[in-house]
Every structure is written in C-alpha cells, then in structure tokens.
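What the coordinates show
In case you want the letters, here they are:
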Amino acid sequence: MSCHHIYLVFALYIDDVIDDLSKKSGYSIYIGLIFVGCILYADDILLVSGSCTGLQQMVKICVQYGKLWDISFNPAKSHYITFGNSFSSLTRITLNNMELKKVAIKN
C-alpha cells in the first residue's frame, strides 16, 4: 500500500471519532459552522472545549471510540490546560480512571 493510501485509510478510520465529538459531546467549539473542537496531527489529538465538563465528555467519547477500534490513549502522555479562573483549581480530567496532568500557565 502506498504512503498516500495509508493516509486515506487513517482519515477514514479516524473520521468517526471526529463526527462523534462534533455531534454527540454537546460541548465542542465551532467557529461559524466549522468544527474546531478536535484537531488531529499524525497520531496526536487536541480536544478543545468551552468547559472542563465538556472536555471530560469529549475524553469519554474518545475512550469509547478507542474501545470499539482497539485504540488506547495513554494517560501518562495526555495533559490538559485551562484558561480563566472559575473553578480551575478544582478541575480534574480523567482518562481511563487516571487523573491527567494539568499544565501550568506561566505569566
């Protein structure tokens, strides 16, 4: 299989999780009509949500998708960041029942 075909197969394979995140989470980010709540590059995925509750829901959707397609997301390699002050110190995001590391913002 050529390199270009591999990318096409991967795009088709991962398209369902993007669709689930955009339609099922209820917390995704849109700019106009364009969904920007999930950005993918190679085997990395960036989830963007307007709330920590929404981010946790999006993580759960990815975990469910992973179970369906035998994809594992590594909590040790996963991090999150919050912006704003409302409850940010109380925020806990989990992946497979493991708390993710919160990235600190340096001023």
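The structure this text deals with has already been given above.
Rules and cut-offs
- Residues numbered from 1 in each chain as written.
- Predicted model: local features only at pLDDT ≥ 70, side-chain atom pairs only at ≥ 80, totals over all residues.
- Heavy atoms only, no water.
- Core = buried A, V, L, I, M, F, W, Y, C linked by side-chain atoms within 4.5 Å.
- Buried < 20%, exposed > 50% of the residue type's maximum accessible area, 1.4 Å probe, protein only.
- Helix = DSSP H or I, 4+ residues; strand = E, 2+ residues; numbered from the N terminus.
- Contact = heavy atoms within 4.5 Å.
- Patch = residues over 30% accessible without salt bridge, like charges linked within 9 Å, V, L, I, M, F, W, Y side chains within 5 Å.
- Areas by Shrake-Rupley, 256 points an atom, 1.4 Å probe, with all protein chains shown as cover.
- Salt bridge = Lys/Arg side-chain N within 4 Å of Asp/Glu carboxyl O.
- Phe/Tyr/Trp six-rings, centres within 6.5 Å; stacked < 30°, edge-to-face > 60°.

Turning our eyes to something else, we now look at the nonpolar core. Taken as a class, soluble globular proteins show a tendency for nonpolar side chains to be buried jointly. V17, L21, L47, V59 and I93 are the most contacted members of the largest nonpolar core, which has 17 residues in total. Within the residue set of this core, elements represented by two or more residues are helix 1 (3-24) and helix 2 (52-69). Considering every element that reaches this core, the biggest residue donor is helix 2, with seven residues. The contact partners of L47, leaving out residues within four places of it in the chain, are L21, G37, C38, L55, M58, V59 and C62.

Turning to a nonpolar patch on the surface, a few remarks are in order. On the surface, I81, F83, V103 and I105 cluster together into a nonpolar patch covering about 380 Å² of accessible area. Following the sequence through the fold, I105 ends up in the segment after strand 8 (101-102). Judged by relative accessible area, I105 falls into the partly exposed class, the value being 43%.

Take the packing of aromatic side chains next. Taken as a whole and judged by the stated rule, the model has two aromatic pairs. Ring centres 5.5 Å apart and planes at 55 degrees place the aromatic pair Y30 and F35 in the tilted group. Given the relative accessible area of 40%, Y30 is considered partly exposed. Classification of F35 as buried rests on a relative accessible area of 18%. Residues Y65 and W69 carry aromatic rings whose centres are separated by 6.4 Å and whose planes lie at 40 degrees to one another, so their mutual orientation is tilted. Here Y65 pairs with W69, and both are found in helix 2, just four residues apart, close to one helical turn. Take Y65: its relative accessible area is 4%, and that puts it in the buried class.

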